[in-house]
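Structure assessment
The chain contents come next:
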Amino acid sequence: MQKILEIKDLRASVSGKEILRGVNLNVNAGEIHAIMGPNGAGKSTLSNVLTGHPAYTVLGGEVTFRGKDLLTMNAEERAREGMFMSFQYPVEIPGVSMVNFMRTAVNEVRRHRGEPALSAGAFLKLLKQKRELVEMRSEFTNRSVNEGFSGGEKKRNEIFQMAMLEPVLSILDETDSGLDIDALRIVADGVNKLRTADNACIVITHYQRLLDYIVPDFVHVLYEGRIVMSGDKSLALELEQRGYDWIKDSIDR
Amino acid sequence: MERITDNNLIVNIAHGENRDLLLLQDAGSRISPDVVLTIHQAGGSHLRLYVLTMPGCDVNNNIRIEQQGDGCHSELYILGIGTGSQHFGNTTHIEHQGIGGTSREVAKYVLSDSSHGTFYGMLKVLAGAQKTEACQTNRNVLLTTDAAVNTKPELEIYADDVKCSHGATTGQLDEAALFYMRQRGIDTQTARRMLLDAFMADIIDKIPDTSLTEKIREQIAETL
């Protein structure tokens with residue numbers, strides 16, 4: 001099975017505080033991994049460290065992405081290598097149109113892969129096709145990036161960008177937060193349609209709800225900066241019923 | 001659009017007349033360090049004035065716009081780009097004397113290296129100038145810790161039935177937006193240029209001469 005991501009003993013800090021304290025995780029092609037855990041466990045830190053956010057410092061460990069050392073790459077190199085994060089809080093960029101933003105991003109990724117830039121016509125055709133996949137209305141691509149979008153529209157826009165960039169590994173950081181049930185279903189449908197045997201997905205979520213729609217192969221519990229328990233999708237259901245306290249108790253004891 | 005080349009000029013705009021004026025200060029133009037420009041607007045006249053200070057120009061602009069008649073409309077767009085040890089400043093005075101006048105002033109600075117910009121903007125509404133609608137905005141982006149701006153937006157209102165607003169903001173490029181763009185594969189330099197383009201667009205896009213705006217964009221992209 002093709003390895004996509006290997007995390008070994010990853011430790012990281014933000015603002016001088018150690019948050020990740022030895023994370024181990026392997027993700028292979030075709031797999032969906034869910035990472036769950038209580039507030040402050042380090043879920044968002046993990047996604048920020050993997051995508052190369054400059055505010056986070058790696059203290060130790062190794063991360064191999066598609067056979068390459070991930071931690072020596074800057075954020076844009078990781079993205080061009082096929083890593084994508086759906087942001088928990090997508091950023092509004094007034095004055096930068098969605099079309100201009102996406103055309104620049106798609107062509108940077110294509111150049112990295114040794115492919116020629118898309119012509120204007122080919123780009124617009126791709127845009128239309130992917131927009132339909134996530135049921136996004138055309139007016140959104142004519143607006144500034146995320147500006148004035150509702151919470152649901154922002155999340156849908158993240159999945160739209162994922163569809164445009166065709167990443168190898170997608171990290172969905174709390175994609176379900178702030179979504180009503182209809183928006184959740186559309187976002188999950190988009191993710192499921194984009195799933196292939198060659199790509200993989202890490203779903204970071206606080207609640208089991210999203211996992212009814214995006215069914216994981218593995219569920220991991222992150223607690224105090226470590227993955228303390230792993231299982232299949234039934235673990236998510238158990239967490240939903242019993243909460244996190246029984247895990248905390250068994251670890252802290 | 002008329003290009004202003006004098007450094008000391010009074011422009012009278014006749015009743016109902018419509019004028020577009022440009023003061024472009026760049027390396028190619030003969031620059032005087034001090035510019036004094038006074039504009040008198042008669043009733044019902046329209047003015048659009050663009051003041052563009054390009055990298056390397058040490059200038060002090062003193063701009064006075066008087067709406068002497070009723071129903072005048074004035075738009076003043078100021079863009080200043082500072083590099084190196086450049087110093088530049090704009091002192092503006094927009095005075096509403098007539099009834100029902102409107103004005104809109106937008107001043108934007110982008111300052112890098114150890115450059116320094118000043119903006120003193122006075123918006124004055126005289127006692128008889130009822131139904132005036134006026135707004136003044138100053139926004140500045142500092143690209144380095146050594147760059148600095150002094151801004152003083154002022155409002156003086158002597159009429160009681162007017163709508164006026166003003167505001168000034170100074171900050172850096174949005175770090176969250178930069179990371180968002182990089183996470184999509186856009187390199188830092190391109191992302192910064194896109195954010196600066198967006199910041200300046202609402203002034204540059206107003207200029208009706210598109211061949212000139214292309215030149216200005218290129219000139220800014222080369223230096224920043």
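Now for a look at the structure at hand. The numbering scheme is per chain: residues are counted from 1 as the chain's sequence reads. By the order in which they are written, chains take letters starting at A while ligands take numbers starting at 1. For a predicted model such as this one, the threshold for reporting local features is a pLDDT of at least 70, and the threshold for listing and counting side-chain atom pairs is 80 or more; totals across whole chains, interfaces and linings nevertheless cover every residue. Side-chain measures were taken over the full set of non-hydrogen atoms in the model, leaving aside hydrogen atoms and water.

Structural notes on the overall build of chain A
Along its length, chain A carries nine helices and twelve strands. Its C-alpha radius of gyration of 18 Å places chain A within 12% of the 18 Å reference for a compact globule of 253 residues. Summarising its shape, the C-alpha atoms of chain A cover approximately 60 × 40 × 40 Å along the three principal directions. In what follows, a contact means two residues having at least one pair of non-hydrogen atoms within 4.5 Å. Long-range contacts, defined here as pairs at least 24 residues apart, represent 70% of the contacts in chain A between residues at least 6 apart. Areas reported here follow the Shrake-Rupley algorithm with a probe of radius 1.4 Å; residue values treat only the protein chains shown as occluding. Accessible area of chain A: about 11,100 Å², with a carbon and sulfur share of 46%. Strands are runs of DSSP state E lasting at least 2 residues, helices are runs of H or I lasting at least 4, and numbering of each runs from the N terminus. Only C-alpha atoms enter the radius of gyration; for comparison, a globular chain is expected to reach 2.2 Å times N to the power 0.38, where N is the number of residues.

Quick word on the sheet that holds strand E11 (residues 218-223) of chain A
All names here are of chain A. Paired strands, as defined in this entry, are two strands with at least two bridges between them according to DSSP. Taken together, the six strands give an open sheet; going across it, the order is E6-E9-E10-E3-E11-E12, and neighbouring strands pair in mixed fashion. Two strands in the sheet have a free side with no partner beyond their single neighbour: strand E6 (83-86) and strand E12 (226-231). Shown here is a sheet whose adjacent strand axes are inclined to one another by a mean of 20°, direction ignored. With four bridges joining them, strand E3 (residues 32-36) and E11 adopt parallel strand pairing. Among the inter-strand pairings, Ile35 is bridged to a residue of E11, identified as His220. Of the strands in this sheet, E6 and strand E9 (169-173) touch helix H6 (residues 151-165), which is tilted by about 165° from E6. Note on method: axes are straight lines fitted to C-alpha atoms, helices fitted across the in-contact stretch only, with angles between N-to-C directions ranging 0 to 180 degrees.

Some remarks on unusual backbone geometry
Of note, the phi angle at Asp9 of chain A is positive, near 50°, even though the residue is not glycine. Assignment of secondary structure puts Asp9 of chain A in strand E1 (residues 3-14). Notably, Asp113 of chain B is not glycine yet its phi reads approximately 50°, a positive angle. Taking the relative accessible area as the measure of exposure, Asp113 of chain B reaches 39% and is therefore partly exposed. Only protein chains enter the accessibility calculation, which uses a 1.4 Å probe; a residue whose area is less than 20% of its type maximum is buried, one above 50% is exposed, and one in between is partly exposed.

So, the packing of aromatic side chains
Residue and element names in this part refer to chain B. Between the rings of Phe, Tyr and Trp (Trp by its six-membered ring), a pair exists once the centres lie within 6.5 Å; its type follows the angle of the planes, with under 30 degrees stacked, over 60 edge-to-face, and the other angles tilted. Evaluation of the coordinates by the stated rule reveals six aromatic pairs over all chains. Look at Tyr50 and Tyr77: their rings are 5.9 Å apart centre to centre, the planes differ by 20°, and that puts the pair in the stacked class. Here Tyr50, found in strand E5 (residues 46-53), pairs with Tyr77, found in strand E7 (residues 73-82); they are 27 residues apart in sequence, far enough to count as distant. Judged by its relative accessible area of 1%, Tyr50 is buried.

Concerning the sheet that holds strand E2 (residues 8-13) of chain B
Residues and elements named next belong to chain B. Here we have six strands laid out as an open sheet, ordered E2-E4-E6-E8-E10-E12, and parallel in their pairing. Across the chains shown, the open sheet's two edge strands, defined by having one partner strand only, are E2 and strand E12 (148-157). Across the sheet, the axes of successive neighbouring strands diverge by a mean angle of 10°, strand direction being ignored. Relative to strand E10 (residues 116-125), strand E8 (residues 87-96) is paired through ten bridges, and the arrangement is parallel. Note on E10: the bridge partner recorded for Glu95 is Lys124.

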